[in-house]
Amino acid sequence: MNHIDQLSINTIRFLSADAIQKAKSGHPGLPMGAAPAAYTLWAKQMKHNPANPDWADRDRFVLSAGHGSAMLYSLLHLFGYGLTIEDLKQFRQRNSLTPGHPEYKHTKGVEVTTGPLGQGVANAVGFALAEKHLAAKFNTEKHKIVDHYTFVLCGDGCLMEGVAAEAASLAATMGLSKLILLYDSNNITIEGDTQTTFTEDVLKRFEAYGWHTQEVKEGNDADAIEKAIALAKAETTKPSIIKINTIIGYGAPNKQGKASAHGEPLGEEELKAAKQTLGWSETEAFAVPVDVAEYMKTLQAEFAKKEQQWNGLFEEYKKENPQLAKQWEIWHSKELSVDLLNDEAYWQYEGNIATRASSEQVLQKLSKVIPNLFGGSADLAPSNKSVMKDRAYYSVQTPEGSNIHFGIREFAMTAMANAMALHGGLRPYIAGFFVFSDYMKAGLRMQALMELPVISIMTHDSIGVGEDGPTHQPIEHLAALRSMPNYTVFRPCDTRETAAGWLAALTRNTSPTALVLTRQNLPLLEGTGKEALKGAYILKDCEGTPDILLLASGSEVELIYKAYDILAEKGVKARVISMPSFELFEEQSEEYKQSILPNAVRKRVAVEAASPFGWHQYVGLDGVVIGINGFGASAPANILFEDYGFTVENVVETAMKVVGK
């Protein structure tokens, strides 16, 4: 390793440590130990252009160990991504570009908000899968316009998490050879030495998964790290893991190798001692040696040439493959290339079917007009009805396939889909039983935080699951997802509303959407359709001011629809309101909301076969919610609905009590 490499590595170390020390908060251990690996990757082996962080064919870098954010910010500053020294000085401060954990969209160069440990590994698998699928779709023998790697840096903690195991297992099955994992193995967690919790042979585990494995004995040996990455790139059939043995807090004489180096500043004296130990001659904090700054400018010029070469290749590609080039534009546009709202055929359906089957009908229409739909289920496709029937499944042999077998890996599936959405070029959807959204929740939360338009098909939405019993009957799940900021929940009552849900999901570019669907058949109700895009609308109304408002979503809309006529016979004027999406309704004008739910009508009944939590904002103090406050039971669905009061008779009786008759 030459002088400039060593100097650059130490610059990363001390920019990171200085930022953490100034903030009096952060994790210096990983940056001090992993700086040689990160620098070597970014300077020697990674294809990127800091002048254009969005270059389509750049290599992706994922910091799964997000607590090491100070190191990533130091890299972004040195390599010219726009972060300034002042930004580093504002590490972990309010409104800074350098928050405690890296956040997508907030800081240029951050590819993904990895969140809690482990998800970044699954994100990286999603990036690599997107690359392989797009390469199969768009590359020609002469022009490889999709040809990049995904690198992920993780630590011991990431590999303890189950989501990393789920994703790693699938990555090998999928033959994602352009996925390279740099494992920062320092044998320390917050509670101390990993001998207490993590004694397995990680490389043997990954070998068993089907990965290519290597080990770098000395984490400061940048030359060995560079060679290992090159060897990983040469592997063309398997994903690769490189175990790099490091010392946490390297260079800090009294803290290196100890848990105390993990998650707290080194302290002024220890930081000074570390700089002396590593021969750091700069006297000021946040120093970047002149030689390093000049060297980085040289690297940036070289990186820019890589994109220039690709741009030339892409211009040739467009001339020789105009149809593929046109498809490339369509695939990479955030706007739909078809007008589904005004396509009458899109809204035409017949028959009484479960909304999971409704979703299947809609999906088949969409698969013919939206070429970059890409998704699948966590081993439940026959039940979720989530297969595009006119398309092949993805596999090592058929990477152009658009349907995905995720296996029984709900969490990994969700985190992978997040990266697919981030990668560009794809419109990902995933599917599972609604009760399993518990397993998906951390990934769904990252979708909402990153404003990613990932679509989740969530079937078997209530006690309608029936005999499978309370373990598989979602109760609190609607309330849980509705409580999440920037998450859209859509629970349709029939096929036309399901079509509206899909259209809403496909056009909400900054919010993920869950389509919450039934197992049991539902009637196609008169009056449903495009109005559902507003979140709530009137299905049946009376003359003049209603005596009572009846609200419901999904399967329970049928109950209030039928209750309307019985109430009318009893002299009660009702308004029937289908409310498939709280979130869409709240986005409407105040005038529209008042036209549906006028303040003057305080007598209201909401019906939903789930926890009543959340409905009180619409029924108020004078209203009633017919919901479920327990965990369901094992019995045929029709018996359960009757037992829990989800009948037309109970809706009518409850409404009569509310209006005082």
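Our structure is the block above this text.
Note that the structure is predicted; figures quoted are calculated from it, not measured.

Caption draft 1: Layout of the sheet that holds strand E6 (residues 212-216). With parallel pairing, the five strands of this open sheet are ordered in space as E1-E2-E3-E7-E6. For this open sheet the edge positions go to strand E1 (60-63) and E6, each flanked by a neighbour on one side alone. Strand after strand, the sheet turns through a mean of 15° between neighbouring axes, direction not considered. One ladder, built from six bridges, connects strand E2 (residues 150-155) with strand E3 (residues 179-185); its direction is parallel. Of the residues in E3, the one forming a bridge with cysteine 154 is tyrosine 183. Seen against the sheet, helix H2 (residues 29-45) touches E1, E2, E3 and strand E7 (240-245) and runs at an angle of roughly 170° to E2.

Caption draft 2: Representation of the nonpolar core. Trp42 and Phe79 are the most contacted members of the largest nonpolar core, which has 140 residues in total. Examining the composition of this core, we find that eleven residues originate from one element, helix H5 (residues 119-138), more than from any other. By size, the runner-up hydrophobic cluster in this structure holds 80 residues, among which are Leu363, Ala504, Ala563 and Phe646.

Caption draft 3: Inspection of the sheet that holds strand E13 (residues 488-490) at higher detail. Read from one edge to the other, the open sheet built from six strands follows the order E10-E9-E11-E12-E14-E13, with strand pairing classed as parallel. The two strands at the open ends of the sheet, each matched to only one other strand, are strand E10 (403-405) and E13. Strand-to-strand, the axes of this sheet are offset by a mean angle of 20°, without reference to chain direction. Pairing of strand E9 (residues 373-377) with strand E11 (residues 427-433), which is carried by five bridges, proceeds in the parallel orientation. Paired with glycine 375 across the strands is tyrosine 429, a residue of E11. Helix-sheet contacts for helix H13 (residues 355-369) involve E9, E11 and strand E12 (455-459), and the interaxial angle to E9 is about 150°.

Caption draft 4: Molecular detail of the pairing of E2. Among the six residues in E2, six count as buried, and that is most of the element. In E2, alternate side chains face the same way, and those of Thr150, Val152 and Cys154 on one face and Phe151, Leu153 and Gly155 on the other are all buried. The pairing of E1 with E2 spans four bridges and is parallel. In the sheet register, phenylalanine 61 faces E2, and the bridge partner there is phenylalanine 151.

Caption draft 5: Focus on helix H7 (residues 162-173). For H7, spanning twelve residues, the distance from its first C-alpha to its last is 17 Å, which sits close to the expected 16 Å at 1.5 Å a residue. Val163, Ala164, Ala167, Ala168, Ser169, Leu170, Ala171 and Ala172 are the residues of H7 that are buried. The secondary structure elements touched by the buried residues of H7 are H5, helix H6 (156-160), E3, helix H8 (202-209), E10 and helix H15 (410-423).

Caption draft 6: Layout of the packing of aromatic side chains. Summed over the entire model, instances satisfying the criterion amount to 25 aromatic pairs. Seen from their ring centres, phenylalanine 14 and tryptophan 280 are 5.3 Å apart, and the 45° between their planes marks the pair as tilted. Here phenylalanine 14 is found in helix H1 (residues 3-23), whereas its partner tryptophan 280 is found in the loop between helix H10 (268-277) and helix H11 (290-320), with 266 residues between them in sequence. Residue classification places tryptophan 280 among the buried residues on the basis of a relative accessible area of 9%. Ring centres of phenylalanine 436 and tyrosine 439 lie 6.2 Å apart, and the angle between their planes is 15°; on these two criteria the pair is classed as stacked. With a relative accessible area of 19%, phenylalanine 436 lands in the buried category.

Caption draft 7: Structural context of the side chain of serine 8. Looking at the secondary structure, you find serine 8 in helix H1. The class of serine 8 is buried, set by a relative accessible area of 0%. At 2.8 Å, the side chain of serine 8 forms a polar contact with the backbone oxygen of isoleucine 4. Apart from residues no more than four positions distant in its own chain, serine 8 is found in contact with Tyr39, Leu78, Val292, Tyr295 and Met296.

Caption draft 8: Seen up close, the packing of H1 against H10. The contact between H1 and H10 brings their axes to 11 Å, and the two run at 170°. The orientation of H1 with respect to H10, classified from their angle, is roughly antiparallel. Residues Phe14, Ala17, Asp18 and Gln21 of H1 form the contact with H10, whose participating residues are Glu268, Leu271, Ala274 and Lys275. Looking at the contact of H1 with H10, its residues break down into four nonpolar, one polar and three charged.

Caption draft 9: Fine view of unusual backbone geometry. At arginine 92, a residue that is not glycine, the phi angle is positive and equals roughly 70°. Along the chain, arginine 92 turns up in the loop between helix H4 (85-89) and H5. According to the relative accessible area criterion, arginine 92 is partly exposed, its value standing at 28%. At asparagine 95, a residue that is not glycine, the phi angle is positive and equals roughly 65°. As for its placement among the helices and strands, asparagine 95 is situated in the loop between H4 and H5.

Caption draft 10: Molecular detail of helix H16 (residues 437-450). Its 14 residues place the ends of H16 18 Å apart at the C-alpha level, agreeing with the 20 Å of an ideal helix rising 1.5 Å per residue. At glycine 443, H16 shows its maximal bend, which comes to roughly 35°. Looking at the buried positions of H16, the neighbouring elements they touch are H5, H15, E11, E12 and helix H17 (477-482). Phi for glutamate 451, located one or two positions after H16, is positive at around 60°.

Criteria and thresholds
- Just so you know, the residues in each chain are numbered from 1, in the order the chain's sequence is written.
- Residues qualify for local features only when their pLDDT is at least 70, as the model is predicted, and side-chain atom pairs are given and counted only at 80 or more; totals for whole chains, interfaces and linings, by contrast, use all residues.
- Computation of side-chain values covers all heavy atoms of the structure but excludes hydrogens and water.
- Criterion used throughout: strands pair if DSSP finds at least two bridges between them.
- Runs of H or I in DSSP of at least four residues are treated as helices and runs of E of at least two as strands, each being numbered from the N terminus.
- Orientation is described by axes fitted as lines to C-alpha atoms, over the contacting stretch for helices, and by angles from 0 to 180 degrees between their N-to-C directions.
- Residues are treated as being in contact if the distance between any of their heavy atoms lies within 4.5 Å.
- For our purposes a nonpolar core is just a set of buried Ala, Val, Leu, Ile, Met, Phe, Trp, Tyr and Cys residues, chained together by side-chain atoms within 4.5 Å.
- Between buried and exposed lies partly exposed: a residue is buried under 20% and exposed over 50% of the maximum accessible area for its type, with that area taken using a 1.4 Å probe on protein chains only.
- An expected span of 1.5 Å times one less than the residue number is assigned to each helix.
- Here a pair means two rings of Phe, Tyr or Trp (six-membered ring of Trp) with centres within 6.5 Å. Their orientation is stacked below 30 degrees between planes, edge-to-face above 60, and tilted elsewhere.
- Under the rule applied, a polar contact is a pair of N or O atoms within 3.5 Å (in protein, one hydrogen donor and one hydrogen acceptor; residues adjacent in sequence only if both atoms are side-chain atoms).
- Each angle is binned into one of four classes, with values under 35 degrees roughly parallel, values over 145 roughly antiparallel, values of 65 to 115 roughly perpendicular, and all other values oblique.
- Any residue that is not Ala, Val, Leu, Ile, Met, Phe, Trp, Tyr, Cys, Pro, Asp, Glu, Lys or Arg is counted as polar, Gly included; the first ten are nonpolar and the last four charged.
- Fitting one axis to the seven residues ending at a residue and another to the seven starting there, the bend at that residue is the angle between the two axes.

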